[in-house]
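So the chains spell out like this:
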Amino acid sequence: MKRLLSALFFYMSYRTNTCGELRSEQVDKIVTLAGWVHKRRNLGGLIFVDLRDRYGITQIVFNPDITANFALADTLKYEYVIKVTGTIVARVPEAVNKDLLTGAIELKAQKLEILSQAKTLPFEIFDAHKEEEDEELRLKYRYLELRREHLKNNIIFRAKMIQYIRAYMDARDFLEISTPILTVSSPEGARDFLVPSRIHPGKFYALPQAPQQYKQLLMVAGMDRYYQIAPCMRDEDPRADRSPGEFYQLDVETSFLERDEFFDLMEPLFIELTEKVAGKIVQQNPFPRLPYQYVLDTYGTDRPDLRYDLKIVDVTDWAKNTDFKVFVEAKAVRVIVVPSGAQFTRKEIDEEFTELAKRNKAKGLAWLKYTTDFEGTIVKFFKPEELNELRDKLKIKTNDILFFVADEPLLASKVLGAVRTLAAEKLHLADPNVIAWAWIVDFPMYEWSPDKVGISGEAGAIDFGHNPFSLPQGGLDTLNSKDPLTILADQYDIIANGLELSSGAVRNKDPEIMYRAFEIAGYTRDAVNKKFGHMIDAFEYGAPPHCGFAPGIDRLLMLFLGEPNIRAVIPFPKNQHAEEPMMGSPSTVDDRQLRDLHIRSTD
RNA sequence: GGACCGGUAGUUCAACUGGUUAGAGCACUGCCCUGUCACGGCAGAAGUUGCGGGUUCGAGCCCCGUCCGGUCCGCCA
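What comes next concerns the included structure. (Residues numbered from 1 in each chain as written. Chains lettered and ligands numbered in written order. Predicted model: local features only at pLDDT ≥ 70, side-chain atom pairs only at ≥ 80, totals over all residues. Heavy atoms only, no water.)

**Observations concerning the sheet that holds strand β10 (residues 245-255)**
Two modes of strand pairing occur in sheets, parallel and antiparallel, and in both the strands are linked by backbone hydrogen bonds.
Then, number 1: As summarised here, the arrangement of the eight strands in space is β6-β9-β10-β24-β23-β22-β19-β12, forming an open sheet in which the pairing is mixed. Strands with a single pairing partner mark the edges of an open sheet, and in this sheet they are β6 (175-176) and β12 (289-291).
Then, number 2: Both β12 and strand β19 (residues 437-441) contribute to a ladder of three bridges, which runs parallel. Directly across from P291, in β19, lies its bridge partner V441. (Pairing = 2+ DSSP bridges. Helix = DSSP H or I, 4+ residues; strand = E, 2+ residues; numbered from the N terminus.)

Right, here's the structure in full:
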């Protein structure tokens, strides 16, 4: 009986194969395929249908001599869901479609069944290379857009990458542990999403911006290797590379590892993802470990694209001895030499480079081309021997261009950093198949925050540079003896191709160092106890040394897939106004729900 | 919160300097077609030019307001 039922089930089953797997080897087999009508070509007495599912496309032929219900095939429209049973046949050599993996064969349909009809579509599925429709429309019908090749492949890639990460972590004794979604406000800077409590009138949960405190408490709990594909929620405005509202991180924390041991443990993951999952090339292995101040000076940003060299050089000493007043009087003069940059036209220099420099708050952008000799509007301010000295010092070659910024040292580098990016873009210096990973280390513990109100009541105060739970290098002694703005933290970033993927840190697990670190940033002992009492408390019951990081899953996908827009790697993204047009979130709720939550809307 | 760009058929776009009945591809409807794979051919339907006001003999086009969308800055690891 059981066997009879299963035989019957097989006979009645929706499909025996997928639309992506059939090859010449399966010729003469009788199969059943199910999927969507991707294209149809109705020749009158003969109908071709490209049948599509997640796995691929197979051509179906309906022929009145073979297909029992041929008339039904005449009614097929785009995106109908159908089930077809028939025989696999080899195509004649002239009819082989080389663009299709299944192009050597076709399915000769004996029986057709329509499983679901489809209305006229708001946009075409097969026309996937375009994607020019209004994004609002595409987001509203995201389930249709997800049928398109490009987006479908991105989402499949996403699943594969996460699967690879899980296997990697599992093989290294990491435990995947879920932390609460309903939690309390976190110390990080972004605005929280709040969830009103029904049971506690006037109180709110917060959605996690990151599971930062939980993962540290897991270390105290002895779960010495933790990870999670963690949802993070932040109520901030979106950007092309920043998902509005929510995103995912590979959240990681480990105990009993020095910083460099942690790097050694995690680096192979990024190398394997680059090479095995994304099929790209790792530029440098092991990853360079560059100090924060060095990259800021040399590339004008803490997340330089290292696929190309183009370093910024300080020439303040040289500039002081010239007669060019702007250079002599400036605090610093920095220069970037762009090989082959002499090809940039005056229009490009004025309208693109100088404009960019001004947008970045430079007063101007000086430049010199070197062809047979130096040329440019500022040549007249220098003596020949000064220019020769510069040429030798910077090893300038024919057809180089030099961009100078004279300003505060940091600003000069920052502006030239933007110039560097633009020049590289225009000269196509970045190889899209290469990923240049690097660790940026030694971030400052504190920074000057002009907007923060200090203890004295006036604007401007010392604030944490990044994560307040980072360990200051040198510990308590350093905190007590050095100028706070010179103290470095055991804090690091991992970057690639100009994208920041994660920050991380060796954490501060010592209550005394914590109190002192917060004190410098203007928090009293009481304030720290009130806000982080549970953390301090936990650290007093035996806390292991621990460190971790949290690379953004969506950013990793953008990097591997070369997507400039983060929404192309998220199945159901929110739009620029943090709305989701398909489901219609956020939405109003009825009065009764609000009453239950002790909430009244003022709008 | 601010700056810039945009909004014409289901969709992607066109419409000269303000001038006839706002056009084309794809999709859609009907007909023809047995080897197509961006199939082909014939015919057809489809529009409050985002919305409101103004200037003009006349506005898709110019002006004012407003709504919506995109990009960037502010914000944000």
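**Some details on the pairing of strand β23 (residues 499-506)**
Then, number 1: The buried fraction of β23 is high, at six of eight residues.
Then, number 2: Both strand β22 (residues 491-496) and β23 contribute to a ladder of six bridges, which runs antiparallel. Across the sheet, residue Y492 finds its bridge partner in β23, namely G504.
Then, number 3: Bridge count for β23 against strand β24 (residues 546-549) is three bridges, and the pairing is antiparallel. (Buried < 20%, exposed > 50% of the residue type's maximum accessible area, 1.4 Å probe, protein only.)

**Here we look at the side chain of E580**
Then, number 1: Inspection of the secondary structure assignment puts E580 in the loop between α17 (553-561) and α18 (591-596).
Then, number 2: K574 is the oppositely charged side chain nearest to the buried, salt-bridge-free E580, at an N-O distance of 5.4 Å.
Then, number 3: For E580, the side chain forms a polar contact with the main-chain nitrogen of M583, separated by 2.8 Å.
Then, number 4: If near-sequence neighbours (up to four positions away) are discounted, E580 is found in contact with P573 and S585. (Lys, Arg positive; Asp, Glu negative; His and termini not counted. Salt bridge = Lys/Arg side-chain N within 4 Å of Asp/Glu carboxyl O. Polar contact = N/O pair within 3.5 Å; in protein donor to acceptor, adjacent residues only side chain to side chain. Contact = heavy atoms within 4.5 Å.)

**A few points about the pairing of strand β4 (residues 81-90)**
Regular strands place their side chains on alternate faces of the sheet.
Then, number 1: Of all ten residues making up β4, eight are buried, and the element is well covered by its neighbours.
Then, number 2: Two elements, strand β1 (residues 30-42) and β4, share seven bridges in a ladder whose sense is antiparallel. Looking across to β4, one finds that A34 is bridged to K83.

**Digging into helix α7 (residues 259-277)**
Then, number 1: Here α7 is 19 residues long and its end C-alpha atoms lie 26 Å apart, about the 27 Å a rise of 1.5 Å per residue gives.
Then, number 2: M266 marks where α7 bends most, by close to 30°; the proline P268 follows one to four residues later.
Then, number 3: Residues R259, F262, F263, L265, M266, E267, L269, F270, I271, E272, L273 and T274 constitute the buried set of α7.
Then, number 4: At the C-terminal side of α7, G279 shows a positive phi close to 65°. (Expected span 1.5 Å × (residues − 1). Bend = angle between axes of the 7 residues up to and from the residue.)

**Regarding the protein's contact with RNA strand B**
Then, number 1: By nearness alone, 44 residues border RNA strand B, and N42, R234, R242, H466 and Q576 come closest of all.
Then, number 2: Near the protein, meaning within 4 Å, the atoms of RNA strand B are sugar or phosphate in a fraction of 53%, with bases accounting for the rest.
Then, number 3: Measuring from a base oxygen of RNA strand B, one finds a side-chain N or O atom of N97 at 3.0 Å.
Then, number 4: Elements represented by at least two residues in the surface near RNA strand B include exactly β1, α3 (135-140) and β23. (Near = heavy atom within 4 Å.)

**Digging into the nonpolar core**
Then, number 1: Core analysis: the largest hydrophobic core is formed by 44 residues, its most contacted members being M266, W437 and F560.
Then, number 2: The biggest single contributor to this core is α7, with eight residues.
Then, number 3: Those residues in contact with F560 that lie beyond four places of it in its chain are F157, M161, L273, T274, A278, K280, I435 and W437.
Then, number 4: Y308, L310, V338 and L416 belong to the second-largest nonpolar core, a separate cluster that totals 25 residues. (Core = buried A, V, L, I, M, F, W, Y, C linked by side-chain atoms within 4.5 Å.)

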